[in-house]
Amino acid sequence: MAPSFDQLREADLDEDDFDMEEVDISDLREKYEVQLEQGYDAFVVVDGLPSVTEDQKPKLVKFLLKKLNSVGRTREDSLHMPMGEDGKSLSFAFVEYSSPGEAAAAVRQLDLVPLDKKHTMRINKLTDIDRYGREGRIDEEYTPPVIEEFTEQEHLRSFLADPSGRGRDQLVMFRGDTVGVFWNNEKEPPENIVERPHWTETFVQWSPQGTYLVSIHAQGVQLWGGASWQRQRRFAHPYVNLVAFSPHEKYLVTWSNRPISIPEEGHPSLSIEDDGKNYIIWDIETSKPLRSFAQLDTPTVIAEDGTKKPQKAPWPAFKWSADEKYVARLTQGSAISVYELPRMGLLDKTTIKIEGVMDFEWAPSTPQRDGVKTYEQLFCFWTPEIGSNPAKVGLMSIPSKEIVRSLNLFSVSDAKLHWQSDAAYLCVKVDRHSKSKKSQATTLEIFRVKEKGVPVEVVDTIKDTVINFAWEPKGDRFVIITTLEPPGPTAVPPKTSVAFFCPEKAKGNQIGNFKHLRTLEKKNSNAIYWSPKGRFVLIATVHNQQSSDLDFFDLDFEGDKPESDKDLTANLQLMNTAEHYGVTDIEWDPSGRYVATWASFWKHAMENGYNVYDFRGELLREDRVEKFKQWAWRPRPPTLLTKEEQKNIRKNLREYSRVFDQDDAERITSADVAVVEQRRLLLDEWLSWREAMEEEVHEDRAYAGLPDDPVAELLKAKDLEVAPDAEEKVIEEIMEEVLEESEEVVN
């Protein structure tokens, strides 16, 4: 038994009996020794600070720590602010974070963040001194920078000023290996603006407001624009597969299925912290990365052959709020992460935990809920049934993270979230199964977001499965496509029905309940394309080898309205039908005047090319192009006109129409005159050539002693051979023909 403290003797404490160096404590040292950070990766240099005295320094340090701790952890004793001989600070400080990752986050998120109206922080890694200041990289003698003379840049919105004055829209076509930008010319061939071979390696894409054209390359992404189509921005994300813009073109997301690999010599835009990541969010103005993310593990799905395969990564993986202040990412089944821009830090430094969450969508415009005067953005989400808990749809307000409306659902197989463009309505398309799970039907749960309390209206008159749904842009009508058979790969696509819905008429500015307007049975349609201005809708059959129908509808037809529709806010009329064999894609132009359909070489190789129709379904132009891949109309930014100015334009539309009609007539007339003039020039050219040839032949015959008319001479010689003594006779034949006969009765 070991002796207690009271029982110890002096002999027991004799230090000569043992040697401390003989005691092996390596296991304890390995377990408890504090591991000091190797190198200076956790250090940053904060520049641009105000110069303060020793008395003012504690206040500045406290204020600075509040900023610095928003992205990591540091303490007052880890911040060193050198003082000058005059007793004032030198406007910079050295800061040590708890890890290199936090230091990298500070450089990425706090650099160029304003401290006050006069001071802006500049943050760099301490290791950058060695990286950029190594011997031989900086000249020993100071050389003042060369300031280039100001040169006026091209206006990136110059495409809005059509030189013809006709308000035409631009478009891009990808044919073979060539990409070209054109003016749309209605029935005439498009007018070429610029055309370049190998402009992109995979596809092209417009930014949401049409400012930039995106080209994709192995080295990264390039943005083009301006009247001369020069490169405006470049983002060096190797092997990019997809890109997505924020709504107002301030940020860009790039994704590659290959993780980023940073070479030992470094990367011009990315750092070692971006190594292994798949997504990068960029600031377009500065072309700098804000933050990078790795790809999340996707749940496995069971294929038709019974094997398990990983589910495709969702795209877009990052979704933007309407005002670009927030971007969010879904971790399916557990959480939604909302980041604040431009710092890209988590809102309240935490993710939003939602058990089982399957999907979410931001409101496409800033919501205006009744009675809510504070700033907010909304997103909706849904969760499936978990155990005895029902499925749920929720509306969450950001930044408060308050759930402002929720709805419980039962027997849910799947749900899809559809916002109306003005965020006035949210439709949740709910696929429900029977108790035996052998059949399913669809209900539409419509949230009236702008009304007090966000009431929910249920459209449950649909007995079949809804395979497509689309709101009218800036309107309150919608179209659905249903089928009796569950969707899936089949040899012959099932027959479908197209149903139109609209609100009832109500007093004042109120919107009535949604009612069924019309259903078209036994169709092959599977796609809905609304005009961006509303009213007109194209119901189409795409990706179908048996059918390629195009049906053009007007929901505000100005003709007689059926008695059954008197109380509804729509008057449906089929304007035209057409067919485009092998059609794979359809897109309206931003004005809603024209619609393009095309058969892409990416989908099949049969009769590739495009058709252009007007909004009534009249075919304007048809062109078959070998290896035609892509057509995209150039978007337009939102109008700068006020609602009152737009109202006045609609009021005086007839006067404007006369001017444009006259311009169109003059253009057509001038085109006809030009054709006639060209034909006259060709005829005159032919006649002058013929006259010159006749003179040349006459000279040659005279030189050779031949008659001017050899044919007449030959005939005369032939007549003499046949009847040398016969007299020449002239035979005349008179023919009578009745041209007109009339009968008149005279009293």
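Residues numbered from 1 in each chain as written. Predicted model: local features only at pLDDT ≥ 70, side-chain atom pairs only at ≥ 80, totals over all residues. Heavy atoms only, no water.

Strand order across the open sheet formed by 4 strands is E23-E24-E25-E26, with antiparallel pairing between neighbours. The strands lining the two open edges of the sheet, one partner per strand, are strand E23 (359–362) and strand E26 (402–409). Adjacent strand axes in the sheet meet at a mean angle of 15°, parallel and antiparallel pairs treated alike. Bridge count between E23 and strand E24 (residues 377–383): 4 bridges; the pairing is antiparallel. (Pairing = 2+ DSSP bridges. Helix = DSSP H or I, 4+ residues; strand = E, 2+ residues; numbered from the N terminus. Axes fitted to C-alpha atoms, helices over the stretch in contact; angles between N-to-C directions.)

What follows deals with helix H3 (residues 100–110). Taken together, the buried positions of H3 are Glu102, Ala103, Ala104, Ala105, Ala106, Gln109 and Leu110. Its buried side turned inward, H3 meets strand E1 (43–47), helix H2 (57–68), strand E4 (122–125), strand E15 (288–293) and strand E21 (345–346). Of the residues trailing H3, Leu112 is marked for its positive phi of about 70°. (Buried < 20%, exposed > 50% of the residue type's maximum accessible area, 1.4 Å probe, protein only. Contact = heavy atoms within 4.5 Å.)

For H2, spanning 12 residues, the distance from its first C-alpha to its last is 16 Å, which sits close to the expected 16 Å at 1.5 Å a residue. Buried within H2 we find Lys57, Leu60, Val61, Leu64, Leu65, Lys67 and Leu68. Projection of H2 onto a plane perpendicular to its axis shows the buried side chains occupying an angular sector of 155°, all on one side. Residues of H2 that are exposed and point more than 90 degrees away from the buried face comprise Lys59, Lys62 and Lys66. Structurally, H2 contributes buried residues whose contacts are with E1, strand E2 (79–80), strand E3 (92–96), H3 and E4. (Expected span 1.5 Å × (residues − 1). Arc of directions from axis to C-beta.)

Residue position: Leu115 is located in the loop between H3 and E4. Through-space distance from the C-alpha of Leu115 to that of Gln295 is 34 Å; in sequence the pair is 180 residues apart. Sequence-distant contacts of Leu115, that is, excluding residues within four places in its chain, are made with Leu49, Pro50, Phe63, Leu64, Lys67, Thr120 and Met121.

The next subject is the nonpolar core. If you look at the biggest cluster of nonpolar residues, it comprises 23 residues, and the most contacted ones within it are Val46, Leu64, Leu68, Leu79, Tyr97, Leu110 and Met121. Secondary-structure elements contributing two or more residues to this core are E1, H2, E3 and H3. By residue number, the principal contributor to this core is H2, which donates 5 residues. Ignoring sequence-local partners within four residues, the contact set of Tyr97 consists of Ala42, Val44, Leu68, Val71, Gly72, Arg73, Thr74, Glu102, Ala103, Ala106 and Leu110. If you look at the next biggest cluster of nonpolar residues, it comprises 21 residues, including Ala363, Val428, Val430 and Val449. (Core = buried A, V, L, I, M, F, W, Y, C linked by side-chain atoms within 4.5 Å.)

Take the packing of aromatic side chains next. The geometry of an aromatic ring pair is captured by the separation of the ring centres together with the interplanar angle, meaning the angle of the planes. Counting across every chain of the model gives 32 aromatic pairs. Centre to centre, the rings of Trp255 and Trp315 are 6.3 Å apart; their planes meet at 40°, and the pair counts as tilted. A residue pair is termed long-range when its members are at least 10 positions apart, and Trp255 in strand E13 (residues 251–255) and Trp315 in the loop between strand E17 (308–310) and strand E18 (318–320) qualify at 60 residues. Residue class for Trp255 comes out buried when judged on its relative accessible area of 13%. Overall, Trp315 belongs to the partly exposed group, its relative accessible area being 32%. Summarising the aromatic geometry, the rings of Tyr425 and Phe514 are spaced 5.5 Å apart at their centres and angled 75° between planes, so their arrangement reads as edge-to-face. (Phe/Tyr/Trp six-rings, centres within 6.5 Å; stacked < 30°, edge-to-face > 60°.)

A few words on the side chain of Thr496. You can see Thr496 is positioned in strand E33 (residues 496–503). According to the relative accessible area criterion, Thr496 is buried, its value standing at 5%. Other than its neighbours up to four places away in sequence, Thr496 contacts Ile467, Ile481, Thr482, Thr483, Leu520, Glu521, Lys522, Lys523, Asn524 and Ser525.

A cluster of nonpolar side chains, contributed by Leu641, Ile649, Leu653, Tyr656 and Phe660, occupies part of the molecular surface with about 440 Å² of accessible area. Top contributing element to the nonpolar patch by residue count: helix H6 (residues 653–704), with 3 residues. Considering the arrangement of structural elements, one finds Phe660 in helix H6. (Patch = residues over 30% accessible without salt bridge, like charges linked within 9 Å, V, L, I, M, F, W, Y side chains within 5 Å. Areas by Shrake-Rupley, 256 points an atom, 1.4 Å probe, with all protein chains shown as cover. Salt bridge = Lys/Arg side-chain N within 4 Å of Asp/Glu carboxyl O.)

Below, the discussion takes up empty space enclosed by the protein. For the coordinates displayed, the defined rule picks out 1 cavity of 30 Å³ or more. Considering only enclosed or pocket space, the largest cavity measures out at about 40 Å³ in volume. Forming the boundary of the largest cavity are Phe159, Leu160, Arg168, Asp169, Gln170, Trp183, Arg634 and Arg636. Classifying every residue of the lining of the largest cavity by side-chain character gives 3 nonpolar, 1 polar and 4 charged. (1 Å grid on protein atoms, 1.4 Å probe; cavity = no way out; pocket = protein on both sides within 12 Å on 5 of 7 lines; lining within 4 Å. Points joined across faces, edges and corners; volume = space filled by probe spheres on them. Nonpolar A, V, L, I, M, F, W, Y, C, P; charged D, E, K, R; others polar.)

A separate point is the pattern of salt bridges. If charged atoms from side chains of opposite charge come close, those side chains can pair. As enumerated under the stated definition, the model contains 31 salt bridges in all. We note a salt bridge from Asp162 to Arg168, for which the minimum N-O separation is 3.0 Å. With respect to class, Asp162 is no different from Arg168; both count as buried. Among the salt bridges present, the one from Lys523 reaches Asp551, with a minimum N-O distance of 2.9 Å. In this pair, Lys523 is assigned in strand E34 (residues 514–523) and Asp551 in strand E37 (residues 549–554), connecting sequence segments 28 residues apart. A cluster of three or more residues bridged by salt bridges with shared partners is formed by Lys187, Asp614, Arg616 and Glu618.

Here the second largest pocket is characterised by a volume of approximately 1,300 Å³. In this structure, the second largest pocket is lined by 42 residues; those nearest its centre are Val107, Arg108, Ser269, Ser271 and Pro289. Elements supplying a minimum of two residues to the lining of the second largest pocket: H3, E4, helix H4 (128–133) and E15. Ranked by residue count, the leading element in the lining of the second largest pocket is H3, at 5 residues. Residue classes in the lining of the second largest pocket are distributed as 16 nonpolar, 9 polar and 17 charged.

Most of strand E19 (residues 326–331) is tucked away, with 5 of its 6 residues classed as buried. Where E18 meets E19, 3 bridges bridge the pair, whose relative direction is antiparallel. From the neighbouring strand, Phe318 faces E19, where its bridge partner is Arg329. Linking E18 to E19, which pair antiparallel, is a turn of 5 residues; within it Glu324 sits at a positive phi near 65°. Pairing between E19 and strand E20 (residues 335–340): 6 bridges, direction antiparallel.

Assignment of secondary structure puts Arg233 in strand E11 (residues 230–235). Aside from chain neighbours lying at most four places away, what touches Arg233 is Tyr212, Val221, Gln222, Leu223, Ile284, Glu285 and Ser287.

So, about a negative patch on the surface. A cluster of acidic residues, Glu691, Glu695, Glu696, Glu699 and Asp700, forms a negative patch at the surface. The residue Glu699 is located in helix H6 in this model. Its relative accessible area of 54% is what places Glu699 among the exposed residues. (Lys, Arg positive; Asp, Glu negative; His and termini not counted. Charge placed at Lys NZ, Arg CZ, Asp CG, Glu CD.)

Let us look at the sheet that holds strand E10 (residues 220–225). To summarise the sheet geometry, strands pair through backbone hydrogen bonds and adopt either a parallel or an antiparallel arrangement. A sheet is described by the order of its strands in space; here 4 strands give the open sequence E8-E9-E10-E11, paired in antiparallel fashion. Both outer strands of the open sheet, strand E8 (204–206) and E11, are each paired with one neighbouring strand and no more. Strand-to-strand twist in this sheet, taken as the mean axis angle between neighbours without regard to direction, amounts to 30°. The sheet contact formed by strand E9 (residues 213–217) and E10 spans 5 bridges and is antiparallel. Residue pairing in the sheet places Leu213 in a bridge with Trp224 of E10.

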